[in-house]
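Observations on chain architecture
Spelled out, the chains give:
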Amino acid sequence: MNPFTLLFRLPLMPLRRVVQLGEVLHDHAERELHDPASVRRQLEQARAAGEISDEDLAHVQEQAIGRLLP
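Here's a quick rundown of the structure. (Residues numbered from 1 in each chain as written. Predicted model: local features only at pLDDT ≥ 70, side-chain atom pairs only at ≥ 80, totals over all residues. Heavy atoms only, no water.)

**A look at the overall build of the protein**
A count of helices and strands for the protein gives four helices and zero strands. Helices and strands appear in the protein in the N-to-C order α-α-α-α. When the backbone C-alpha atoms are referred to their principal axes, the protein occupies close to 65 × 25 × 15 Å. Within the span of the protein, comprising 70 residues, buried residues form 9% of the whole. Carbon and sulfur atoms provide 61% of the accessible area of the protein, an area that totals close to 6,100 Å². (Helix = DSSP H or I, 4+ residues; strand = E, 2+ residues; numbered from the N terminus. Buried < 20%, exposed > 50% of the residue type's maximum accessible area, 1.4 Å probe, protein only. Areas by Shrake-Rupley, 256 points an atom, 1.4 Å probe, with all protein chains shown as cover.)

Structure representation (structure tokens):
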């Protein structure tokens, strides 16, 4: 790499790394949101903790199906 080019790219390198980190976090969040195992795990945890009733469980299951379908 040319030293002249490096001089201009060097100040932008941290910004590029932050953007790359944001992209990785976004991809991970999207996978977690649309992962059937994650949705199932969240439902089981809520049911086990007694946080939702049977009626609420049915509503949450409908929402989960909506999240899984594009």
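**Here's the deal with the environment of Pro-36**
In this structure, Pro-36 sits in helix H3 (residues 36-48). C-alpha separation for the pair Pro-36 and Gly-66, spaced 30 residues apart in sequence, amounts to 11 Å.

**Notes on the environment of Ala-58**
Structurally, the position occupied by Ala-58 is in helix H4 (residues 54-68). For Ala-58, a relative accessible area of 34% corresponds to the partly exposed category.

**Quick look at the pattern of salt bridges**
One pass over the full model with this rule turns up one salt bridge. Between Glu-32 and Arg-41 there is a salt bridge whose closest N-O contact spans 3.7 Å. In this structure Glu-32 comes out as partly exposed when scored by relative accessible area, which is 34%. Residue Arg-41 is classed as partly exposed on the basis of its relative accessible area of 40%. (Salt bridge = Lys/Arg side-chain N within 4 Å of Asp/Glu carboxyl O.)

**Let's talk about the packing of H3 against H4**
Running from N to C, H3 and H4 point in directions that differ by 165°, and their axes come no closer than 10 Å. When the axis of H3 is compared with that of H4, the two are roughly antiparallel. The handedness of the crossing between H3 and H4 comes out as right-handed. Residues Pro-36, Val-39, Gln-42, Leu-43 and Arg-47 of H3 touch H4, and the partners they reach there are Leu-57, Val-60, Gln-61, Ala-64, Arg-67 and Leu-68. (Axes fitted to C-alpha atoms, helices over the stretch in contact; angles between N-to-C directions. Parallel < 35°, antiparallel > 145°, perpendicular 65-115°, else oblique. Left-handed = near helix turned anticlockwise from the far one by under 90°. Contact = heavy atoms within 4.5 Å.)

**Looking at the environment of Glu-44**
Note on placement: Glu-44 falls in helix H3. Residues Glu-44 and Leu-57, spaced 13 residues apart in sequence, show a C-alpha to C-alpha distance of 9.8 Å.

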